[in-house]
Amino acid sequence: QSQELSQARIDYHAALLALQEHGTRMVCTGKMHTDRICRFDYLCYCTEAEEFVFFHSNSSFMLPNLGPRRFQPALLDLSSVEDHNTQYFNFLELPAAALKFMPKPVFVPDVTLILNRFNPDNLMHVFHDDLLPIFYTMRQYSDLDDEARLVFMEGWGEGAHFDLYRLLSSKQPLLKEQLRNFGKLMCFTKSYVGLSKMTTWYQYGFVQPQGPKANILVSGNEIRQFASSLMEKLNITTRGGEESAAEEKDEYFVVFSRSINRLILNEAELILALVQEFQMRAVTVSLEEQNFPRIIKVISGASILVSMHGAQLVSSLFLPRGAVVVELFPYAVNPEQYTPYKTLASLPGMDLQYVAWRNMVEENSVAYPERPWEQGGIAHLDKEEQDHILASKEVPRHLCCRNPEWLYRIYQDTIVDIPSLLEALRAIVKTRPNLKKAKPASTVHPGRVREPQCQTSVQATNEAKLTVSWQIPWNLKYLKVREVKYEVWIQEHGENTYMPYILPHQNYTFSENIKPFTTYLVWVRCIFNKNLLGPFADVLMCRT
Ligand code: UDP
């Protein structure tokens, strides 16, 4: 069969001996189950029981050794979605001696990354929950290279976007259902279990209403590095900096349409109006009509991307810097409360502009109360509840994932009111968007200022001076920085407020608000280009 795990590549007898003698070995990172990734030697999986197995021997180890806390609630999250109770990982334990009574293990020779995909049929989930986290987990552990094997344990079939997962390594990813083809007991010679959550920017509303994650750790740079890597594997070239004058003039906007639901009912009219407004050519794409590589290619050269709210908008991560994302929301849906794509576009260094437009005219909306509940139908609800939903002008904040009012509203079709959309666009896109010229801004931060010093003098009983000076940060002499400024904070000892100053030079004499015979605490730091803050130097104690 095609996904044969070449047993020839490992010495079967040696592997079996190693397993029997050493058992399983585990070392993990992370303090909590939500930030843990574990590396195993000889982690096994019993396909009949559908359980992972840790074999104890005299030389096995398990760090962290949590005892029963391993079940409170789990060792780790198998998907990148935080603490979701359907995505937990654990294993059963057995003594290595039990191997004698078990089916002969099949060894997986590849270094394996074991994880759950969260929702492989939805493009936003595919990119945000799986592809980006897998990509960067692989970069965290150098033996998860192009030869690594991915194993998806969530139990779904390939899903609509399996080709994208295939790009992450040269080996065919394995699905849970395929594992039984290999035998009753599989043992992964070397494996990593779990996914990095470092790149995720959105929480879907399982415990509080959906919104950006509280502590976003990813910037546009990492998203764009990931995007370039995928495009390279798909042989999609961007025009880069050297486009010809002809190509530069050939700007276009993309309308990413949905053809099944949440439709734009006046798409042709909308496109004509945008062509007129921006004097650009229009390209329409949809997941139903083009393959995804083709769509990426189109989007990677676009100046503006227009689409209804929906998973297809995650494709804006392929837009060139300087492009504009225009997200359309159906009637009664408040754009402020559904911001996965706004958050993406607004990541520092993503360098995208973002505009939300919302249908405010109920008559321009077509709803589908008779459809099944998961497509927004409400016919199954009490009459009272239906009336309440129909009368409401905005979906109140809610949790994921089955709120009928939310589903009813988000699956409406929309006639886009062109004048109000153009108005929203003009407010953001002041000129014609200046595309592809945008270069990534520097993100090099200043070091600490060096040799900070203060000198003081008393002029009179109520008059004193405080001179603070310092040397430039060490890295500045190697940099071309447009604007270098320094920030000085002065705090009277014992007070809980301070005075901040922004200064252009490396010294300054303060005399206003400086009192004689007083101790001041002084902090100094460097700032590049208004927003790249350096660290403060050690605090100075200055006595007048
Ligand atoms: N989808 C699509 N065309 C449609 C409806 C859905 O391409 O007319 C895609 C959509 O982009 C997503 C998946 O099908 O990848 C599931 O769509 P759903 O409406 O369930 O999720 P949402 O887009 O609201 O996240």
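The structure presented is a predicted model; accordingly, all values stated were derived computationally and were not measured.

A. Molecular detail of the overall build of the protein. Counting its secondary structure elements, the protein contains 12 helices and 28 strands. The proportion of buried residues among the 544 residues of the protein is 51%. Within the protein, residue pairs in contact and separated by at least 24 positions form 71% of the contacts whose partners lie at least 6 positions apart. Per element, the accessible surface of the protein, about 26,200 Å² overall, is 51% carbon and sulfur. Measuring between centres, the 55 positive side-chain charges of the protein sit 6 Å from its 61 negative side-chain charges.

B. Broad picture of the packing of helix α7 (residues 267-278) against helix α12 (residues 418-428). At a closest axis distance of 11 Å, the pairing of α7 and α12 adopts a crossing angle of 40°. Crossing of α7 against α12: the hand is right-handed. Seen from α7, the contacting residues are Glu269, Leu270, Ala273, Leu274, Glu277 and Phe278; seen from α12, they are Ile418, Leu421, Leu422, Leu425 and Arg426. Of the residues in the contact of α7 with α12, the class split is 8 nonpolar, no polar and 3 charged.

C. Molecular detail of the side chain of Arg36. Inspection of the secondary structure assignment puts Arg36 in the loop between β1 (25-29) and β2 (37-46). Of the side chains with opposite charge, Asp35 lies nearest to the buried Arg36, which makes no salt bridge, at 5.6 Å. Among the polar contacts made by the side chain of Arg36, one reaches the main-chain carbonyl oxygen of Leu75 at a distance of 2.9 Å. Filtering out sequence-adjacent residues up to four positions away, Arg36 remains in contact with Cys28, Thr29, Gly30, Lys31, Pro64, Leu66, Leu75, Leu76 and Val193.

D. Representation of the site of the ligand. With respect to spatial proximity, 14 residues lie near the ligand, and among them Arg258, Ile260, Glu288, Ala311 and Tyr411 are the closest. Residue Leu123 places a main-chain N or O atom 3.0 Å away from an oxygen atom belonging to the ligand. Coverage of the ligand by the protein amounts to 77% of the 500 Å² it exposes when considered alone. Among the residues making up the shell around the ligand, the classes are represented as 5 nonpolar, 5 polar and 4 charged.

E. Looking closely at the sheet that holds strand β21 (residues 450-460). Strand order in the open sheet formed by 3 strands is β21-β22-β25, with antiparallel pairing between adjacent strands. The sheet is open, and its two borders are formed by β21 and β25 (507-510), each paired with just one other strand. When the angles between neighbouring strand axes are averaged without regard to direction, this sheet yields 15°. For β21 and strand β22 (residues 463-471), the ladder comprises 8 bridges, and the chain directions are antiparallel. In the sheet register, Val458 faces β22, and the bridge partner there is Ala464.

F. View of empty space enclosed by the protein. Applying the stated rule across the entire model yields 1 cavity of 30 Å³ or more. By volume, the largest cavity is sized at about 30 Å³. Every residue along the wall of the largest cavity is listed here: Pro209, Gln210, Gln337, Tyr338, Arg397 and His398. Within the lining of the largest cavity, the residues separate by chemical class into 2 nonpolar, 3 polar and 1 charged.

G. Local environment of the environment of Trp156. Locating Trp156 in the fold gives a position in the loop between β9 (149-152) and α3 (162-166). Note: C-alpha distance between Trp156 and Leu175 (19 residues apart in sequence) is 7.5 Å. Apart from residues lying up to four places away in sequence, Trp156 is in contact with Arg117, Phe118, Asn119, Pro120, Asp121 and Leu175.

H. Here's a closer look at a nonpolar patch on the surface. A cluster of nonpolar side chains, Val27, Phe61 and Leu63, forms an exposed patch at the surface whose accessible area comes to about 270 Å². Counting through the fold element by element, Phe61 comes out in strand β4 (residues 61-63). Judged by relative accessible area, which is 39%, Phe61 ranks as partly exposed.

I. Here's a closer look at the confidence of the model for the protein. Per-residue confidence for the protein gives a mean pLDDT of 95, with 95% of residues at or over 70. Taking the mean pLDDT of every element in the protein, the minimum, 64, falls on helix α6 (residues 245-249) and the maximum, 99, on helix α2 (residues 123-140). The ipTM, which scores confidence in the relative placement of chains, is 0.99 for this predicted complex, and the corresponding pTM is 0.95.

J. Structural view of the pattern of salt bridges. Inspection of every chain in the model, using the stated rule, returns 22 salt bridges. Across the pair Glu487 and Arg525 runs a salt bridge whose closest N-O atoms are separated by 2.9 Å. You can see Glu487 sitting in strand β23 (residues 484-492) and its partner Arg525 sitting in strand β26 (residues 519-528), a full 38 residues away along the chain. Each of Arg39, Asp41 and Asp143 takes part in salt bridges that share partners, so that together they form one network.

K. Here's a closer look at the side chain of Asn90. On the secondary structure map, Asn90 appears in the loop between β6 (88-89) and β7 (92-95). Within polar-contact distance, the side chain of Asn90 engages the side chain of Arg70 at 2.4 Å. Excluding residues that lie within four positions of it along the chain, Asn90 makes contacts with Phe52, Arg70, Phe71, Ala74 and Leu75.

Rules of the game
Residues numbered from 1 in each chain as written. Predicted model: local features only at pLDDT ≥ 70, side-chain atom pairs only at ≥ 80, totals over all residues. Heavy atoms only, no water. Helix = DSSP H or I, 4+ residues; strand = E, 2+ residues; numbered from the N terminus. Buried < 20%, exposed > 50% of the residue type's maximum accessible area, 1.4 Å probe, protein only. Contact = heavy atoms within 4.5 Å. Areas by Shrake-Rupley, 256 points an atom, 1.4 Å probe, with all protein chains shown as cover. Lys, Arg positive; Asp, Glu negative; His and termini not counted. Charge placed at Lys NZ, Arg CZ, Asp CG, Glu CD. Axes fitted to C-alpha atoms, helices over the stretch in contact; angles between N-to-C directions. Left-handed = near helix turned anticlockwise from the far one by under 90°. Nonpolar A, V, L, I, M, F, W, Y, C, P; charged D, E, K, R; others polar. Salt bridge = Lys/Arg side-chain N within 4 Å of Asp/Glu carboxyl O. Polar contact = N/O pair within 3.5 Å; in protein donor to acceptor, adjacent residues only side chain to side chain. Near = heavy atom within 4 Å. Pairing = 2+ DSSP bridges. 1 Å grid on protein atoms, 1.4 Å probe; cavity = no way out; pocket = protein on both sides within 12 Å on 5 of 7 lines; lining within 4 Å. Points joined across faces, edges and corners; volume = space filled by probe spheres on them. Patch = residues over 30% accessible without salt bridge, like charges linked within 9 Å, V, L, I, M, F, W, Y side chains within 5 Å. pLDDT = per-residue confidence, 0-100.

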